[in-house]
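Commentary on secondary and tertiary structure
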Amino acid sequence: MLDLLRSYLGSTLTPGQANNQLWALIYVLIIFAGVSVAVMTMNWVERKALAHFQVRLGPMRVGPHGLLQPIADAIKLLIKEDIIPSEADKFVFWIAPLIGLLASFTVYTVVPFGPSQAVSDMNIGILFMLGVSSLAVLGVVMAGWASNSHYPLIGALRSSAQMVSYEVAMGLAVVSAILMTSLHGLGLYGVSKFGDGTGTLSMIGIVQAQQEQHVWFLFKFFPLGFMAFGIFAIAMIAETNRAPFDLPEAESELTAGYHTEYSGLRWSLFMLAEYAAMIAVSSIAVTLWLGGWMRPFPNWLSGSAWDLVFSLFAGLTFVALAVIAFVGVVRMPRHSYFRVQTIGLAGFGLLLALIGILLLGIVIGAKVSHHDILNRTTEGMTNVYWFLFKVAVFMYLYIWYRATWPRYRFDQLMRVGWKVMLPVSLGVLIVTAIVGVILG
Amino acid sequence: MLSAKCQVLRLMVPVTTIHYLVVAAALFVLGVIGVLTRRNVVIVLMSIELILNAVNLNLVAFSRMWGGLHGQVFSIFVVVDAAAEAAVGLGILIAFFRNNETINVDEIDLLKW
Amino acid sequence: MTPVATPFFFYLLSGLAIAGGLLVITRRNAIHSALALIVTLLAIAGLYLMLYAPFVAGVQIIVYAGGIMVLFLFVIMLVSLERTAKERQFNRMWPVGLLAGCSLLALFMSVYAKGKGLFVERGPQLPESENTQQIGIMLYGEAGRMGQYTFAFEIASLLLLVAILGAVIMAKKRI
């Protein structure tokens, strides 16, 4: 048992490379549980944040400040009646959400949470991610067809046409990021040559290329990295059918599009697949352009003191959340009806504070005692924390876009996808290649 | 003299090139039977895709056997070709369907009347 | 890096591929055939991974399973009639087709049985981690020279252009 733990902590390879099946399985379980928790959290944050954007409060009743709302929703969906349309193709109706779920979750096999924390670092990692996320279209098409009804079919055809169109622009933006892994150069136009210029398709290799070249690809060759990132950011919103590209599933337009006829647990599988796909494409964006697990400013603010400061962020985030929870406790109305909610919120705040103090303790303990295991744990924790922080920023941006921007009409959507995104991404790719050759 | 079961197991365990070739041959024959026996044009086209995949598997297996990458590059070109052919074939099918409302190969037998 | 449990995965994937192939040619509903073909394509991608060809596996998933099969599904939805579900599935000469197929299979098997000694691994085995780079060098060339297949690559892109034009013109309502 103990040398199982040691076999993990002592290695610098991913479980896939080290042929360590037990740890690969443990990673898979952690990722599965983590994504499910993240989806529920995202549900709550979306409802509260949208509400606050629209100057209202959102769910407040179910738990303190609606914290138990996702659990209530999950229970409701589980006990709902499972309705299958009478003329529907039963097998295809059953398998469609599973295809979408499969496509969204398989992507997590190659997402790198740290330099050796990925389930398996395939050396065609990014190709695998693009391919598997293109399987999600099949789930949508199947769902629309199997429902045997007009609105789902039209919604499914529109949704899949949109996803396929924006996949092209997404792929080209990804190609230009990968091109950058094989080009030397520093930030603004190659002042000094860092890195050894071997291109790679593996996700961990891409982040390590950013590390070696001392620049996040967002800032490399200045407008080009940024434009490629912008194209990917817009295409990923269209790919996951979120606002402002959510015509196929907008309630006022097509009565919820391809998942109209699904109820209860099947619909929750679609929702799970959608949010998991959002988190997956955000992690691709973070890995390719935003430096993956690297902390901000690794070169401007370098040195062990700054390393310590940035490692404290993980614990400090939880402590800050605990402080917000306690402020909420203080502001609760002092009435006997609110007693349970106040106690619940105080308990939640206490839990967050404990987690924060534990994380801070690990960091400070590693600094004080220089124990090997504590050092590795700190490092791993910092990497995972910064990765998840950047992905969380993307998630918040998704909600912000939904609250702010009006919906694109479908023909406008397709026009933007083919006539604007595709030429711009081709242009960025060509100019990146030219700049790389000139400076190389 | 080994028993029959031992002999079969001895054949099974190290997976050599021939195993992949047998799988490819089986897929090829399934595709050929599909092309020859089905009446639905779309399923005939899908059987053609099966045949092309069997050929690809053969190419990649031989590429592994010979050690170079020529087989893999050739199979990439076969995939490109299959995509082009599927697109054009389905386009022709749609054009035909618009006029004649049938997708049985038996009934698609006149160019124009 | 020696692979783990190779015979198990080989038999699993090839069983899936052949079962999928059987379902493709025997299902009455075209959508079920398309789903079975997707399973076959993904199983074959897995077989490519076992043959140390990761790039071809990636191309197979992106182009075939994610692109061509979506195209097939769209067309099936466009041309599917209620009438076709009730008609005869196999054509009248199906015993002849089956016989031809089986004799072809017997021919293949006899060739492989007779020539067992010919299929021996030889030649340098390139490391898998450089597979994509090597394919790129063959397709695009390196250090100022053209690759071996650069010309074929350009012709393939021309082919795709022609196919796009052809498909669009064929499927348009009014030219």
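Residues numbered from 1 in each chain as written. Chains lettered and ligands numbered in written order. Predicted model: local features only at pLDDT ≥ 70, side-chain atom pairs only at ≥ 80, totals over all residues.

Examining the overall build of chain C
- What chain C contains, in helices and strands, is six helices and zero strands.
- Seen in sequence order, chain C has helices and strands lined up from the N terminus as α-α-α-α-α-α.
- The C-alpha radius of gyration computed for chain C amounts to 21 Å, which surpasses the reference 16 Å derived for 175 residues by more than 25%, pointing to a less compact arrangement than a globule.
- Referenced to the eigenvectors of the C-alpha coordinate spread, the extents of chain C come out at roughly 60 × 50 × 30 Å.
- Residue burial in chain C is summarised as follows: out of 175 residues, 33% are buried.
- Considering only residue pairs separated by 6 or more positions, chain C has 44% of its internal contacts joining residues 24 or more positions apart. (Helix = DSSP H or I, 4+ residues; strand = E, 2+ residues; numbered from the N terminus. Rg over C-alpha atoms; globule rule 2.2 N^0.38 Å. Buried ≥ 20, exposed ≤ 12 C-beta atoms within 10 Å, placed from the backbone. Contact = placed C-beta atoms within 7 Å.)

A short note on the overall build of chain B
- Summing up its helical and strand segments, chain B has four helices and zero strands in all.
- Listed N to C, the secondary structure of chain B is α-α-α-α in terms of helices and strands.
- Looking at chain B residue by residue over its 113 residues, the buried ones come to 50%.
- For chain B, the share of sequence-separated contacts (at least 6 apart) that also reach a separation of at least 24 residues comes to 49%.

Details of the interface of chain B and chain C
- Contact residues are listed per partner, giving 63 residues for chain B and 73 residues for chain C.
- When residues of the side of chain B that touches chain C are assigned to their parent elements, the largest contribution, 20 residues, is made by helix 4 (residues 70-100) of chain B.
- Its residues assigned to classes, the side of chain B that touches chain C shows 44 nonpolar, 14 polar and five charged. (Nonpolar A, V, L, I, M, F, W, Y, C, P; charged D, E, K, R; others polar.)

Some words on the nonpolar core
- A:Ala235, C:Ala34 and C:Met69 are the most contacted members of the largest nonpolar core, which has 194 residues in total.
- Counting residues per element, this core draws most heavily on helix 3 (residues 54-79) of chain C, at 16 residues.
- When sequence neighbours within four positions are dropped, the list of residues in contact with C:Ala34 reads B:Met46, C:Met69, C:Phe72, C:Leu73 and C:Ile76. (Core = buried A, V, L, I, M, F, W, Y, C linked by C-beta atoms within 7 Å.)

Re the domain arrangement of chain C
- Each assigned domain of chain C is listed with its residue range as follows: domain 1 (1-82) and domain 2 (129-175).
- Once you take the C-alpha centre of each, domain 1 of chain C and domain 2 of chain C turn out to be 23 Å apart. (Domains from an automatic or database assignment.)

Here's the deal with helix 12 (residues 304-330) of chain A
Residues and elements named next belong to chain A.
- Here helix 12 contains 27 residues, and its C-alpha end-to-end distance of 39 Å stays within 8% of the 39 Å for a straight helix at 1.5 Å per residue.
- Residue Ala314 marks the point of greatest curvature in helix 12, where the axis turns by about 40°.
- The set of residues buried in helix 12 consists of Ser311, Ala314, Gly315, Phe318, Ala322 and Ala325.
- Check the buried side of helix 12 and you find it contacts helix 13 (339-369) and helix 14 (372-404). (Expected span 1.5 Å × (residues − 1). Bend = angle between axes of the 7 residues up to and from the residue.)

Brief notes about the arrangement of the chains
- The assembly contains two pairs of chains in contact; the pair sharing the most contacts is chains B and C.
- Spatially, chain A and chain B are disjoint, and the shortest separation between their C-alpha atoms is 14 Å.

Observations regarding helix 8 (residues 203-212) of chain A
- A large share of helix 8 of chain A lies buried, amounting to seven of its 10 residues.
- Considered for burial, the residues of helix 8 of chain A that qualify are A:Met203, A:Ile204, A:Gly205, A:Ile206, A:Val207, A:Ala209 and A:Gln210.

Side note on unusual backbone geometry
- Positive phi is not limited to glycine here, since A:His65 has a value of about 55°.
- Examined against the element boundaries, A:His65 turns out to sit in the loop between helix 2 (21-53) and helix 3 (69-78).
- We classify A:His65 as buried; it has 21 C-beta atoms within 10 Å.
- A positive phi angle, near 55°, is found at B:Glu101, a position not held by glycine.
- A residue is classified by how many C-beta atoms lie within 10 Å of it, and B:Glu101, with 11 of them, is exposed.

Let's talk about the packing of helix 11 (residues 265-289) of chain A against helix 14 of chain A
All names here are of chain A.
- Running from amino to carboxyl end, helix 11 crosses helix 14 at an angle of 120°, the nearest separation of the two axes being 9 Å. Viewed along their axes, helix 11 and helix 14 adopt a mutual orientation that is oblique. In the crossing of helix 11 with helix 14, the sense of the turn from one axis to the other is right-handed. Residue-level inspection shows Met278, Ile279, Ser282, Ser283, Ala285 and Val286 of helix 11 in contact with helix 14, the latter providing Phe387, Lys390, Val391, Phe394, Met395 and Tyr398.
- Partitioned by chemical class, the residues of the contact of helix 11 with helix 14 number nine nonpolar, two polar and one charged. (Axes fitted to C-alpha atoms, helices over the stretch in contact; angles between N-to-C directions. Parallel < 35°, antiparallel > 145°, perpendicular 65-115°, else oblique. Left-handed = near helix turned anticlockwise from the far one by under 90°.)

Some words on the confidence of the model for chain C
Residue and element names in this part refer to chain C.
- Residues of chain C with pLDDT of at least 70 account for 94%, and the chain-wide mean is 88.
- No element of chain C has a lower mean pLDDT than helix 5 (residues 131-140), which averages 88, and none a higher one than helix 2 (residues 30-50), which averages 94.
- Overall fold confidence (pTM) sits at 0.90, and the ipTM for the predicted complex is 0.90. (pLDDT = per-residue confidence, 0-100.)

Remarks on the interface of chain C and chain A
- Listed by partner, the interface residues are 16 residues for chain C and 20 residues for chain A.
- At the level of secondary structure, the elements contributing two or more residues to the side of chain C that touches chain A comprise helix 2 and helix 3 of chain C.
- Of the residues assigned to the side of chain C that touches chain A, the class counts are 12 nonpolar, four polar and no charged.

With respect to the packing of helix 2 (residues 17-37) of chain B against helix 4 (residues 94-114) of chain C
- Viewed as axis vectors pointing N to C, helix 2 of chain B and helix 4 of chain C meet at an angle of 165°, and their least axial separation amounts to 9 Å. When the interaxial angle is binned, helix 2 of chain B and helix 4 of chain C end up roughly antiparallel. The element helix 2 of chain B and its partner helix 4 of chain C pack so that their crossing is right-handed. Contact with helix 2 of chain B, carried on its side by B:Ile18, B:Leu21, B:Val22, B:Ala25, B:Ala26, B:Val29, B:Val32, B:Ile33, B:Leu36 and B:Thr37, involves C:Trp94, C:Gly97, C:Leu98, C:Ala100, C:Gly101, C:Leu104, C:Leu105, C:Phe108 and C:Tyr112 of helix 4 of chain C and no other residues of that element.
- Taken together, the residues of the contact of helix 2 of chain B with helix 4 of chain C sort by class into 16 nonpolar, three polar and no charged.

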